[in-house]
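Chain residues, written in single-letter form:
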Amino acid sequence: MKCRLLALAVAAVLYGPGVSYAQSFARPDPVLEAIWREGMDSSRVYPLAQALIDSIGPRLTGSPALRAANDWLVQRYRAWGIDARNEQYGTWRGWRRGVTHLDLLEPRVRTLEATMLAWSPGTRAPVRAAVVALPHFADAAQFERWLPSVRGRFVLASFPQPTCRPDESWQEWATPESFERMKAERARVAAEWASGLASAGVSPRDLPTRLEAAGAAGVLTSRWSLGWGVDKVFDAHTRRTPVLDVSCEDYGLLYRLAANGQGPVVRLDATAESLGEVPVFNTIAVLRGTEKPDEYVVLSAHLDSWDGGSGATDNGTGTITMLEAARILHRVYPHPKRTILIGHWSGEEQGLIGSNAFAADHPEVVKGLQALFNQDNGTGRVSTVTMQGFTRAAGAFGRWLALVPEDLARQITLVDPGLPSGGGSDNASFVCRGAPGFFLASNSWDYGTYTWHTNRDTFDKISFDDLRRNAVLTAMLAYLASEDPAPVSRERRTIFPLDPRTGEPMTWPQCRDVPRHSGPLP
């Protein structure tokens, strides 16, 4: 009981109660005022986020944790009296992460910071083996001659960063000449590494499977995210050989030991369970419309995550934004004019699969879509909304934001008409079908470096003050879109800039095919 009281006290100190100053609304509106009071003074974002991100944790597509998160959402909605369901759209490769323990044994002892990549095979028992570095190859023949030497060894298969100190630190403390020398040396080594792989005729993606076929005991990789202690952590493509991400610092240690002939030996104990093809679901909640039930306002966020961290800002914060907005709306606006649908998608990290499947399976929602509000880029306050190439949509947003309190609206920039999203997040699954799906883009909070797809995407990175405001803003936009007597225009831009990759004019994006199962490993 004391621990629970302490946790609540810490939350109150860090994130505070609702703001106490009176809000000035452009026009008196009792529903907007009620949304503000409920969201600011009775917010549930902290306990909801703590349960999802700390207790359930990361939500890799096909993992038991994602299914637990689906069920938790349904339970939350139903406890509030909101209709909710899990809707299967296919199957995916099931996998359960176990422990990862990597230790340097020779020439000295050190426990290393490392974790398996998603869907990696584990070890049946602890494996002790020497570590070798990938040499520079002059041609493919040399690579083929070298491959048998990796049998029974761990192979360092990533570019070794010469420094794990971020450039901002170098820029602040080094002389300009020293900083430039470091950058030049890093560029030289990176180019040499890339040229060696190119000469070998193997891509970084295919290298682990080639090493697996040659009998490597394991593949050690490192994808530094250019900040202190942070790596990008994605997935493995091997069937039998474990593939690990090793922190920038510890990877560099192993590489220097191997390159200098100092005989590094490591022991790996990594457990994982392959579960075969398992059902995957979107979680859908609905507040049924009273006057226009066949027109829809959709609150959108993906529930799945990578699992190097806890999936806190990608996309636990988006998930909680939509969950809290729905709770607020149900309390103060339980009988909306249009149907308000909340979509918690899975498979986003595998290519927007869940939302694309939903849009394909529910043409009635696409046809009747008034507006979709999607959030998926971290913990910051919503700062930018692009009109996604819909040339007359800004009029609707202008009407809505004119009624939203200054505290929420003052930092928001509308980009009109902008370009339609061809991917990146789940609103693209609706935009490609010509339906008005908007992305509520947040300000940075160092998202790209420190939390996007990294081992540091954890609960402590959340700005709860911003999260609370985003939920209130989303609830207000949903209410205003539901009540708006005019439909949001679907008129599209017809003139596009040149695509810098092709030199040809861009076009409206085409919808992707919807994979309904994971398929065989490449």
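Structural notes, computed from the coordinates.

Here we take up the environment of A214. Mapped onto the secondary structure, A214 falls in the loop between α8 (207-213) and β6 (218-221). Expressed as a C-alpha distance, the spacing of A214 and L147, which sit 67 residues apart in the sequence, is 6.1 Å. Leaving out residues up to four positions away in the same chain, A214 has contacts with L147, V150 and R151.

Take empty space enclosed by the protein next. What the rule picks out here adds up to 3 cavities of 30 Å³ or more. If you add up the space inside the largest cavity, you get close to 90 Å³. What lines the largest cavity is a set of 13 residues, and nearest its centre among them are L352, A428, S429, C432 and R512. Considering only residue class, the lining of the largest cavity consists of 5 nonpolar, 7 polar and 1 charged. Taken as a whole, the second largest cavity spans an internal volume of roughly 50 Å³. The wall of the second largest cavity is formed by S305, W306, G308, G309, G311, D314, E349, H453, T454 and D457. Residues of the lining of the second largest cavity, tallied by class, amount to 1 nonpolar, 6 polar and 3 charged.

So, about the nonpolar core. Counting residues in each nonpolar core, the largest one holds 73 residues, and the members touching the most others are L329, F373 and W400. Those residues in contact with W400 that lie beyond four places of it in its chain are Q370, A371, F373, L477, L480, A481, D484 and V488. Residues L104, V131, F143 and L268 belong to the second largest nonpolar core, which totals 56 residues.

A cis amide bond, omega 5 degrees, links E106 with the succeeding residue P107. Relative to the helices and strands, P107 is located in the loop between β1 (83-106) and β2 (110-112). At the junction of D314 and N315, the peptide bond is cis and its omega measures out at 5 degrees in the coordinates. For N315, the position within the fold is in helix α10 (residues 312-332). Phi is positive for D446, which is not a glycine, with a value near 60 degrees. Structurally, D446 can be placed in the loop between β14 (437-442) and α16 (447-451).

Running from N to C, helix α3 (residues 45-56) and α10 cross one another at 135 degrees; their axes reach a closest spacing of 10 Å. With respect to their mutual orientation, α3 and α10 come out oblique. In the packing of α3 onto α10, the handedness of the crossing is right-handed. Of the residues in α10, those in contact with V45, L48, A49, L52 and I53 of α3 are A312, G316, T319, I320, L323 and E324. Of the residues contributing to the contact of α3 with α10, the split by class is 8 nonpolar, 2 polar and 1 charged.

So, on to the state of the cysteines. A full pass over the atoms with the stated rule returns 2 disulfides. Across a sulfur-sulfur distance of 2.1 Å, C164 and C248 are joined as a disulfide pair. With the S-S bond torsion at -90 degrees, the cross-link from C164 to C248 turns out left-handed. With a gap of 84 residues between them, C164 in the loop between β5 (154-156) and α6 (167-173) and C248 in helix α9 (residues 248-259) connect regions that are remote in the sequence. Since its relative accessible area comes to 14%, C164 is described here as buried. Each disulfide in the protein chain links cysteines that, numbered along the sequence, combine into the pattern 1-2, 3-4.

Our next topic: the pairing of β14. When a strand is regular, its side chains alternate between the sheet's two faces. By the criterion of burial, β14 is predominantly enclosed, with 6 of the 6 residues buried. Residue alternation in β14 divides its side chains into two sets, G437, F439 and A441 and F438, L440 and S442, and both sets are buried. Across 3 bridges, the pairing between strand β11 (residues 369-374) and β14 is parallel. When the sheet's bridge partners are listed, N374 is paired in β14 with F439. As defined by bridge partners, strand β12 (residues 382-386) adjoins β14 across 3 bridges and the pair is classed as antiparallel. Paired with V385 across the bridge in β14 is L440.

What counts and how
Residues numbered from 1 in each chain as written. Predicted model: local features only at pLDDT ≥ 70, side-chain atom pairs only at ≥ 80, totals over all residues. Heavy atoms only, no water. Helix = DSSP H or I, 4+ residues; strand = E, 2+ residues; numbered from the N terminus. Contact = heavy atoms within 4.5 Å. 1 Å grid on protein atoms, 1.4 Å probe; cavity = no way out; pocket = protein on both sides within 12 Å on 5 of 7 lines; lining within 4 Å. Points joined across faces, edges and corners; volume = space filled by probe spheres on them. Nonpolar A, V, L, I, M, F, W, Y, C, P; charged D, E, K, R; others polar. Core = buried A, V, L, I, M, F, W, Y, C linked by side-chain atoms within 4.5 Å. Buried < 20%, exposed > 50% of the residue type's maximum accessible area, 1.4 Å probe, protein only. Axes fitted to C-alpha atoms, helices over the stretch in contact; angles between N-to-C directions. Parallel < 35°, antiparallel > 145°, perpendicular 65-115°, else oblique. Left-handed = near helix turned anticlockwise from the far one by under 90°. Disulfide = S-S within 2.5 Å. Pairing = 2+ DSSP bridges.

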